[in-house]
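Structural overview
Listed here are the chains, written in short residue letters.
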Amino acid sequence: MTKDPYAFNGTPLTEEISPANTGDLSNEKDSASKTQKQFYIESYGCQMNFSDSEIVASILNQEGYKLTETLENANLVLVNTCSIREKAEQTVRKRLELFNGLKRKNKDLKIGVLGCMAERLKHKFLEEEKMVDIVVGPDAYKDLPNLLQEAEAEREAVNVILSKEETYGDIAPVRLAANGVSAFVTITRGCDNMCTFCVVPFTRGRERSRDPKSILGEIAQLAEGGYKEITLLGQNVDSYLWYGGGLKKDFSKATPLQRKTAVKFSNLLELVSKAQPSIRIRFSTSNPQDMSLDVIHTMAKFDNICNYIHLPVQSGSNSILKKMNRHHSREQYFELIDNIRKNIPDCAISHDMIAGFPSETEQDHQDTLSLMEYVKYDFGFMFAYSERPGTLAAKKIEDDIPEPTKKRRLQEIIDLQRTHSEYRTRQFIGKTVCVLIEKSSKRSSEFWSGRTSQNTVAVFPKEKYKVGDLVDVRIEEVTSATLIGTAIGISSSI
Ligand code: SAH
Ligand code: F3S
């Protein structure tokens, strides 16, 4: 229905993860001689992982490694992994088996695991499975040069230390798989929310925010480079809080001056919006419990902040929300939705939903469906519950919903979402929308593909327009996921 933030290349909603080699396609990079150190990197999971791979690429470039997108040319193969659901981990294991097959032919090849699986499984990869040479957690990428040397010397190369400070604010990411139009900019790392089903707080550590100066600097560079849209990234962006550094949880120890000059997410949005009025601004992800009215008002005030909120709810049942340790009720969520609609009438809203959380009854499931009826989300990312070792849910609540029941409930959620997505896209018929052109459409090379402010994909005949143009498009037909129309001119809006 739209680009899935957990499966980078727009895979179908129920598919968990799609491999995406983030390699740059330029020949220049691939034509490096065989003696040149070359790395190949594959990324799985959330947008943050894709963004992190750009930081890794920057660090390796400094070490003299060139990016290759041909696996066989690489001396170093890296896989940036995801632990969010069991299937995501299985996908990565299969890839590691394939990489090990290559290693049998090329003894000098080094294999590295990055990201959440590295953090979760730590030394296990080296000790028990002997599948990899390097294991690096999400906060330890600056140690890669040292770890590479260790691996060369056949010593154990593991760093899974989680940091209180690391935000990689001083590293200029190498834009991988870039369309030159839209880019991710990380603003927070880690998560303090401890939703009982979620492995992220364990793999990405405590929450910390990045210095607004460094964020503004990165965005200014992107603007200079011709980028037209940025997405501010974090596990929980609304919880952004800069008070001079340090963990979010230590804000209680901040000095009076630090408190007075602290920058909240709504302040950051305003700063970015004013600094770059011709850049479109998106953000992801918003946790309902942390989204303030200030953020909604700031969105309403600035045209270049896109009218789209990804607002995962996970369940429509109050008793399940409580067991998930989500700090809001169904009624509070409705209040938030009402406030969004009142202040930003054409705002698109998307969700994440989990079917079959332990102890979920048919009534709980019906509550989820009725919540969806109330909101009529534009898009959704929907998953069957997958127990993750070490999480509070795994420790305390038995995974007691049979797989067929989980699957059936998930299918009902997906089917309902499809009708709502169709309802939403149909509202665009006959209207003119502003579309930022990103690439050629997959359906036809004669068509451009881009997105509206609401994050809905729109396609239209190419004519004289080019990638990066903001174009007014009159919408003539729709599917549940795509608007189809004709361009009527360069847009004066954003
Ligand atoms: N705040 C994060 C959420 C990360 S997890 C972000 O920035 O996107 C992404 C989604 O995966 C969650 O919202 C949830 O719907 C789903 N998810 C997380 N843990 C899960 C589990 N154990 N089983 C099934 N789905 C899960
Ligand atoms: Fe996970 Fe909940 Fe944080 S879903 S990333 S613990 S907001």
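Computed from a predicted structure; not experimentally measured.

Regarding the overall build of the protein
Looking only at helices and strands, the protein features 16 helices and 22 strands. Rg of the C-alpha trace for the protein: 22 Å, near the compact-globule value of 23 Å for 494 residues, within the 12% margin. Across its three principal directions, the C-alpha atoms of the protein cover 60 × 60 × 55 Å. For the protein, the proportion of its 494 residues judged to be buried stands at 60%. In the structure as shown, the protein presents an accessible area of about 20200 Å², 51% of it carried by carbon and sulfur atoms.

Points about the packing of helix 14 (residues 362-375) against helix 16 (residues 403-426)
Between helix 14 and helix 16, whose axes approach to 10 Å, the crossing angle comes to 10°. The angle between helix 14 and helix 16 falls in the class roughly parallel. Residues Glu362, His365, Thr368, Leu369, Met372, Glu373 and Val375 of helix 14 pack against Thr405, Arg408, Arg409, Glu412, Ile413, Leu416, Gln417, His420 and Arg424 of helix 16. Its residues placed into classes, the contact of helix 14 with helix 16 shows five nonpolar, five polar and six charged.

Quick notes on the sheet that holds strand 17 (residues 379-384)
Overall, parallel pairing links the three strands, which are arranged 15-16-17 in an open sheet. With partners counted over all chains shown, the strands left at the sheet margins are strand 15 (308-310) and strand 17, one partner each. Adjacent strand axes in the sheet meet at a mean angle of 10° when their direction is disregarded. For strand 15 and strand 16 (residues 348-355), the ladder comprises three bridges, and the chain directions are parallel.

Quick look at the pattern of salt bridges
For the structure on display, the rule yields 34 salt bridges. The shortest N-O distance in the salt bridge between Arg408 and Glu362 comes to 2.8 Å. You can see Arg408 sitting in helix 16 and its partner Glu362 sitting in helix 14, a full 46 residues away along the chain. According to the relative accessible area criterion, Arg408 is partly exposed, its value standing at 34%. A salt bridge links Glu373 to Lys376, with the shortest nitrogen-to-oxygen separation between them at 3.7 Å. Exposure remark for Glu373: the relative accessible area of 38% places this residue in the partly exposed category. Because the salt bridges share partners, they merge into one network encompassing Asp52, Asp139, Arg189, Arg204 and Arg208.

Side note on the domain arrangement of the protein
Taken domain by domain, the protein holds domain 1 (38-159), domain 2 (182-426) and domain 3 (432-490). Distance from the C-alpha centre of domain 2 to the C-alpha centre of domain 3: 27 Å. Taken together, the 16 residues of domain 2 in the interface contact 18 residues of domain 3. Between domain 2 and domain 3, the buried area comes to about 1300 Å², and carbon and sulfur atoms account for 51% of it. For the domain 2 face of the interface with domain 3, the top three residues by lost area are Lys228, Arg280 and Thr425, together amounting to 42%. Counting across the domain 2 and domain 3 interface gives one salt bridge. At the boundary of domain 2 and domain 3, one finds nine residue pairs in polar contact (both at pLDDT 80 or more). Residue assignment for the side of domain 2 that touches domain 3 shows that the elements contributing at least two residues are strand 14 (280-284) and helix 16. Of the residues forming the side of domain 2 that touches domain 3, the biggest block, five residues, is contributed by helix 16. Class assignment for the residues of the side of domain 2 that touches domain 3 results in four nonpolar, four polar and eight charged.

With respect to the sheet that holds strand 11 (residues 229-233)
Read across the sheet, three strands follow the order 8-11-14 without closing on themselves; strand pairing throughout is parallel. Two strands lie at the open edges of the sheet, namely strand 8 (182-186) and strand 14, each paired on one side alone. Pairs of neighbouring strands in the sheet enclose a mean axial angle of 25°, with direction left out of account. Relative to strand 14, strand 11 runs parallel, the two sharing five bridges. Note on strand 14: the bridge partner recorded for Glu229 is Arg280. Sheet contacts for helix 2 (residues 47-62): strand 8, strand 11 and strand 14; angle to strand 8, the most-contacted strand, approximately 90°.

Concerning the site of ligand 1
Among the 15 residues in the neighbourhood of ligand 1, the closest are listed as Gln235, Thr285, Gln314, Asp352 and Ser386. In this structure, Gln235 approaches ligand 1 through a main-chain N or O atom, which is 2.5 Å from a nitrogen atom. Asp352 is positioned with one of its side-chain polar atoms (N or O) 2.6 Å from an oxygen atom of ligand 1. Here ligand 1, which alone exposes 550 Å², has 92% of that area covered by the protein. Of all elements in the fold, only strand 16 and strand 17 reach the threshold of two or more residues within the shell around ligand 1. Looking at side-chain class alone, the shell around ligand 1 contains seven nonpolar, five polar and three charged residues.

Comments concerning the pairing of strand 17
In terms of burial, strand 17 is largely enclosed, as five of its six residues are buried. In this sheet, strand 17 lies alongside strand 16 in parallel orientation, the contact comprising six bridges. Bridge pairing links Met353 to Met382 in strand 17. Considered for its hand, the β-α-β crossover made up of strand 16, helix 14 and strand 17 is right-handed.

Description of helix 14
With 14 residues, helix 14 ought to run about 20 Å at 1.5 Å a step, and its terminal C-alpha atoms sit 20 Å apart, in line with that. When we look at burial in helix 14, the residues that qualify are Asp364, His365, Asp367, Thr368, Leu369, Leu371, Met372 and Val375. On the buried face of helix 14, the contacting elements are helix 12 (318-323), helix 13 (330-343), strand 16 and helix 16. Note on helix 14: the residue one or two positions beyond its end, Lys376, has a positive phi of about 50°.

The rules behind these values
Residues numbered from 1 in each chain as written. Chains lettered and ligands numbered in written order. Predicted model: local features only at pLDDT ≥ 70, side-chain atom pairs only at ≥ 80, totals over all residues. Heavy atoms only, no water. Helix = DSSP H or I, 4+ residues; strand = E, 2+ residues; numbered from the N terminus. Rg over C-alpha atoms; globule rule 2.2 N^0.38 Å. Buried < 20%, exposed > 50% of the residue type's maximum accessible area, 1.4 Å probe, protein only. Areas by Shrake-Rupley, 256 points an atom, 1.4 Å probe, with all protein chains shown as cover. Axes fitted to C-alpha atoms, helices over the stretch in contact; angles between N-to-C directions. Parallel < 35°, antiparallel > 145°, perpendicular 65-115°, else oblique. Contact = heavy atoms within 4.5 Å. Nonpolar A, V, L, I, M, F, W, Y, C, P; charged D, E, K, R; others polar. Pairing = 2+ DSSP bridges. Salt bridge = Lys/Arg side-chain N within 4 Å of Asp/Glu carboxyl O. Domains from an automatic or database assignment. Buried area = accessible area lost by both parts, 1.4 Å probe. Polar contact = N/O pair within 3.5 Å; in protein donor to acceptor, adjacent residues only side chain to side chain. Near = heavy atom within 4 Å. Right-handed = clockwise from strand over helix to strand, strands pointing away. Expected span 1.5 Å × (residues − 1).

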